[in-house]
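Each chain, written out:
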Amino acid sequence: FLLGAAIAVVAGVIVGLSRIGDAVLDPPMQMIRTVPLLGLVPLFIIWFGIGEWSKVLLVAIGVAIPLYLNLVAALRSIDPELYDVADSLDLTVAQRVRHVLVPGALPGTLVGLRQALGFAWLALIVAEQISATNGLGFMINNARDFLQTDTIVIGLLTYALLGLLTDGAVRVLERRALRWRETGVRA
């Protein structure tokens, strides 16, 4: 997850803030976005084997794309008048980042983080079902071979609960990080 998030943040900031970055980095990211995760599994097995590295890379790609897309969209949707205000106030680069870029991009980025976590679980399921010798995905795949529907359902419910827990953690982070933003939702 961390590898995919790091790739997404670096690429997203470069593409979101630079026309040259957009011209150079966005086309390959869009190409990767359109390749089905399942299609990468055989290639990753050939290149990296059945070990952990192929699973890590599959999850990283699953995480990077939605987070990247949301970060770029969030950076591009920052109100241009905020940049004018920053110019008027002679803000330094660090002050612009702290007072304009981060608050402007954080809501969309956190949405991307929530989506990325969902894709991370999906990629992990795919990786464990195809190229693993243990884990929940392997257990589900093995149960399929022996027609153990109860084990399959328990495995899927476990993934669903893990997804719900990670989404809940990001929602808590979102509420804390975006306290300054007035929303229509009252808790």
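Scoring rules and cut-offs
Residues numbered from 1 in each chain as written. Predicted model: local features only at pLDDT ≥ 70, side-chain atom pairs only at ≥ 80, totals over all residues. Heavy atoms only, no water. Salt bridge = Lys/Arg side-chain N within 4 Å of Asp/Glu carboxyl O. Buried < 20%, exposed > 50% of the residue type's maximum accessible area, 1.4 Å probe, protein only. Helix = DSSP H or I, 4+ residues; strand = E, 2+ residues; numbered from the N terminus. Axes fitted to C-alpha atoms, helices over the stretch in contact; angles between N-to-C directions. Parallel < 35°, antiparallel > 145°, perpendicular 65-115°, else oblique. Left-handed = near helix turned anticlockwise from the far one by under 90°. Contact = heavy atoms within 4.5 Å. Nonpolar A, V, L, I, M, F, W, Y, C, P; charged D, E, K, R; others polar. Lys, Arg positive; Asp, Glu negative; His and termini not counted. Phe/Tyr/Trp six-rings, centres within 6.5 Å; stacked < 30°, edge-to-face > 60°.

Draft legend 1. Structural context of the pattern of salt bridges. The final tally for this structure, using the stated rule, is 6 salt bridges. When the shortest N-O distance is used, the salt bridge between Arg-96 and Asp-87 registers 2.5 Å. Residue classification places Asp-87 among the partly exposed residues on the basis of a relative accessible area of 41%. Among the ionic pairs, Glu-174 bridges to Arg-114, the shortest N-O distance being 4.0 Å. In this pair, Glu-174 sits in helix H8 (residues 149-177) while Arg-114 sits in helix H6 (residues 93-130), placing the two residues 60 residues apart along the sequence. Where salt bridges share partners, they join Arg-114, Asp-167 and Glu-174 into one cluster.

Draft legend 2. Local environment of the packing of helix H1 (residues 2-17) against helix H4 (residues 52-76). Remark: H1 packs on H4, axes separated minimally by 7 Å, with the N-to-C direction vectors making an angle of 30 degrees. Taken together, the axes of H1 and H4 lie roughly parallel to each other. When you trace H1 past H4, the crossing you get is right-handed. When H1 is examined against H4, the residues Leu-3, Gly-4, Ala-5, Ile-7, Ala-8, Val-9, Ala-11, Gly-12, Val-13, Val-15, Gly-16 and Leu-17 are found in contact with a partner set consisting of Val-56, Leu-57, Ala-60, Val-63, Ala-64, Leu-67, Tyr-68, Leu-71, Val-72, Leu-75 and Arg-76. Taken together, the residues that form the contact of H1 with H4 break down as 19 nonpolar, 3 polar and 1 charged.

Draft legend 3. Expanded view of the side chain of Asp-26. Of note, Asp-26 is situated in helix H2 (residues 19-34). Within the buried set, Asp-26 has no salt-bridge partner at all; the shortest N-O distance to an opposite charge, 5.7 Å, is to Arg-76. With near-sequence residues (within four places) excluded, Asp-26 lies in contact with Val-15, Gly-21 and Tyr-68.

Draft legend 4. Examining the packing of aromatic side chains more closely. For the coordinates displayed, the defined rule picks out 3 aromatic pairs. Ring centres 5.5 Å apart and planes at 85 degrees place the aromatic pair Phe-44 and Phe-48 in the edge-to-face group. Linking Phe-44 with Phe-48, this pair stays in helix H3 (residues 37-48), spanning 4 residues, or about one helical turn. Taking the relative accessible area as the measure of exposure, Phe-44 reaches 7% and is therefore buried. Among the residues examined, Phe-48 registers a relative accessible area of 33% and is labelled partly exposed. Aromatic side chains Trp-47 and Phe-48 sit 6.2 Å apart centroid to centroid with 85 degrees between the ring planes, which places their arrangement in the edge-to-face category. Through successive ring pairs, a cluster of aromatic residues spans Phe-44, Trp-47 and Phe-48.

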